[in-house]
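Residue-level listing of the chains:
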Amino acid sequence: MQPDQKRKLFVLMVNMFIAIGSFGIIIPIMPAYLVSIGQGGTAAGLMIAIFAGAQFIMSPIAGKWTDQYGRRKMIIYGLSGLALSMFIFYFSNSVGILYFSRVIGGIGAALLIPAIFAYVADITTLEQRAKGNSYISAAMSLGIVIGPGVGGFLADYGLKMPLLVSAIVSVAAVVFSIIVLKESKDDGTTIDGVADDPMVKKLVQSVHKPYFIPLIIVLVMSFGLMAYESIIGLYLDNAFKATPQEIAVMVTVSGIISVIVQLFVVDRLVSRLGEGKVMNIFLGVSAAGFLFSIFASSYVLFFVVTLIIFMATSILRPVLNTLISKLAANEQGFAMGMNNSYMSIGNVLGPLCAGMMYDIHMIYPFLLGLVVLVLTLFVSAAWQRRQKPLKKKPVLMK
């Protein structure tokens with residue numbers, strides 16, 4: 001990549017890291033905070049579902065705006081929404097207001113994430129796209145790893161301190177983006193009426209888009225990963241009597257592995273095998289991980305299986321983003337918005353289904369993930385057999 005590309009990509013990585021890290025920073029204090037305002041597990045579940053639901057509803061609209069009004073504006077507005085959400089969270093003790101803050105946070109994430117991936121598509125060639133998306137995904141993974149650790153440290157200075165710090169850091173990211181980030185897309189550019197079609201029509205037409213099957217795979221991946229993450233603590237406690245520290249170590253190490261893989265492995269794999277083959281291979285690896293989870297007889301074996309699953313999904317995420325981006329041609333914002341919507345559907349349905357099935361039998365969530373991933377692998381293979389090779393078109397640098 002050219003120095004100008006690297007500089008812009010670094011700014012995007014910083015923004016994504018701050019956005020994801022500022023969300024993760026509140027995770028360690030959430031149980032105690034909810035107890036302090038007289039709430040429990042239902043409120044915790046609703047806070048996740050409300051955020052993902054708002055993100056799902058807003059993402060297609062945000063994707064359209066990203067194409068219509070530009071990437072830079074949506075990135076700044078998205079970061080502003082996340083900052084406002086944290087400030088509302090910090091200054092309120094009403095659970096209703098907290099739910100409202102989660103709506104604003106979900107809208108902010110919907111504005112931010114598609115715009116960042118569309119920006120990556122603007123500044124990279126098709127050959128560079130996997131590397132660019134891998135770096136952004138690595139920033140997301142790093143935020144997931146570091147955010148909770150920082151939140152746990154800040155909680156020693158007050159239960160609400162992580163909320164305040166998260167809000168301040170998000171405001172700093174807004175100012176940083178206003179000063180440093182330049183628009184990557186010409187104002188007013190529309191291709192084939194993409195930005196002018198009614199939103200409802202575009203949603204209906206998305207089923208017939210060339211990237212529809214990759215969007216379904218995004219949904220399945222998010223469904224499986226969130227289902228796995230939502231019950232992993234309960235399963236480790238019930239099956240192996242794991243301590244909170246052992247659970248934290250597992251999640252942290254898995255996140256670090258994800259960052260390393262996304263920074264140093266994904267681009268090499270895609271360059272050698274292509275997005276399609278990599279996608280099929282690691283859908284299979286993820287399915288094998290869910291299968292092995294059922295038979296893992298100790299904490300150590302389950303730890304190894306978890307690393308395999310996280311490694312596979314950390315490869316699938318940027319590969320799917322790259323594939324959708326390449327197939328989207330001139331509607332990058334809308335495609336990335338739909339990508340975010342399908343991911344949000346999985347984020348909502350995964351924990352809900354896994355929780356209900358876990359209450360029936362603690363093995364059932366893993367069986368569900370296995371069946372869904374195997375079916376998706378067959379669908380992916382059949383879809384790829386019908387695809388024509390992508391033409392390699394250079395992207396003009398700005």
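To be clear, the structure that these remarks concern was listed above.
These remarks concern the structure in this document. (Residues numbered from 1 in each chain as written. Predicted model: local features only at pLDDT ≥ 70, side-chain atom pairs only at ≥ 80, totals over all residues. Heavy atoms only, no water.)

**Looking at the packing of aromatic side chains**
- By the definition in use, this model includes 12 aromatic pairs.
- Arranged with centres 6.5 Å apart and planes meeting at 15°, the rings of Phe87 and Phe91 form a pair that is stacked. Within this pair, Phe87 and its partner Phe91 are both found in helix H4 (residues 71-91), separated by four residues, close to a single helical turn.
- Judged by its relative accessible area of 27%, Phe87 is partly exposed.
- Look at Phe91 and you get exposed, because its relative accessible area is 63%.
- Taking 5.8 Å as the distance between ring centres and 70° as the angle between the ring planes, the aromatic pair formed by Tyr299 and Phe303 counts as edge-to-face. Placement of the pair is Tyr299 and Phe303 together in helix H13 (residues 299-328), with a separation of four residues, close to one helical turn.
- Of the aromatic side chains, those joined through ring pairs into one cluster are Tyr228, Tyr235, Phe240, Phe290, Phe302 and Phe366.
- The ring of Tyr90 carries Lys160 above its face, with NZ or CZ at 5.8 Å from the centroid. (Phe/Tyr/Trp six-rings, centres within 6.5 Å; stacked < 30°, edge-to-face > 60°. Helix = DSSP H or I, 4+ residues; strand = E, 2+ residues; numbered from the N terminus. Buried < 20%, exposed > 50% of the residue type's maximum accessible area, 1.4 Å probe, protein only. Lys NZ or Arg CZ within 6 Å of the ring centre and 35° of its normal.)

**Looking at the side chain of Ser177**
- Position of Ser177 among the secondary structure elements: in helix H7 (residues 161-180).
- Among the residues examined, Ser177 registers a relative accessible area of 0% and is labelled buried.

**Considerations on H13**
- The terminal C-alpha atoms of H13, which comprises 30 residues, lie 43 Å apart, in line with the 44 Å expected from a rise of 1.5 Å per residue.
- The element H13 is extensively covered by neighbouring structure, given that 24 of its 30 residues are classed as buried.
- Looking one or two residues beyond H13, the residue adopting positive phi is Ala329, at roughly 55°. (Expected span 1.5 Å × (residues − 1).)

**Some details on the packing of H4 against helix H5 (residues 95-123)**
- It is the contact of H4 with H5, at a shortest axis distance of 7 Å, that shows an interaxial angle of 155°. Taken together, H4 and H5 sit at an angle that is classed as roughly antiparallel. Relative to H5, the crossing made by H4 is left-handed.
- Each residue belonging to the contact of H4 with H5 can be placed in one class, and the counts come to 20 nonpolar, six polar and three charged. (Axes fitted to C-alpha atoms, helices over the stretch in contact; angles between N-to-C directions. Parallel < 35°, antiparallel > 145°, perpendicular 65-115°, else oblique. Left-handed = near helix turned anticlockwise from the far one by under 90°. Nonpolar A, V, L, I, M, F, W, Y, C, P; charged D, E, K, R; others polar.)

**A word on the pattern of salt bridges**
- This model, assessed by the stated rule, comprises six salt bridges.
- Notably, a salt bridge pairs Lys326 with Glu275, separated by 2.6 Å at the nearest N-O pair. In this pair, Lys326 is assigned in helix H13 and Glu275 in helix H12 (residues 275-295), connecting sequence segments 51 residues apart.
- Residue classification places Glu275 among the buried positions, given a relative accessible area of 9%.
- Three or more residues are tied together by salt bridges with common partners; here these are Asp4, Arg7 and Lys8. (Salt bridge = Lys/Arg side-chain N within 4 Å of Asp/Glu carboxyl O.)

**Remarks on the environment of Ala173**
- Tracing the sequence through the fold places Ala173 in helix H7.
- Given a relative accessible area of 1%, Ala173 falls into the buried group.
- Sequence spacing of Ala173 and Val14 is 159 residues, and the spatial spacing of their C-alpha atoms is 8.1 Å.
- For Ala173, the contacting residues outside a window of four places in its chain are Asn15, Ile18 and Leu79. (Contact = heavy atoms within 4.5 Å.)

**With respect to the nonpolar core**
- Met16, Ile75, Tyr228, Leu236, Met279 and Phe302 are the most contacted members of the largest nonpolar core, which totals 92 residues.
- For this core, the leading source of residues is helix H9 (residues 212-240), giving 16 residues. (Core = buried A, V, L, I, M, F, W, Y, C linked by side-chain atoms within 4.5 Å.)

**Considerations on helix H11 (residues 266-273)**
- Restricting attention to buried positions, one finds in H11 the residues Val266, Asp267 and Val270. End-on view of H11: buried residues confined to an arc of 95°, all on one side of the axis. With respect to the buried face of H11, the exposed residues turned more than 90 degrees away are Arg268 and Arg272.
- Where H11 terminates, the next one or two residues include Gly274, which has phi positive at roughly 90°. (Arc of directions from axis to C-beta.)

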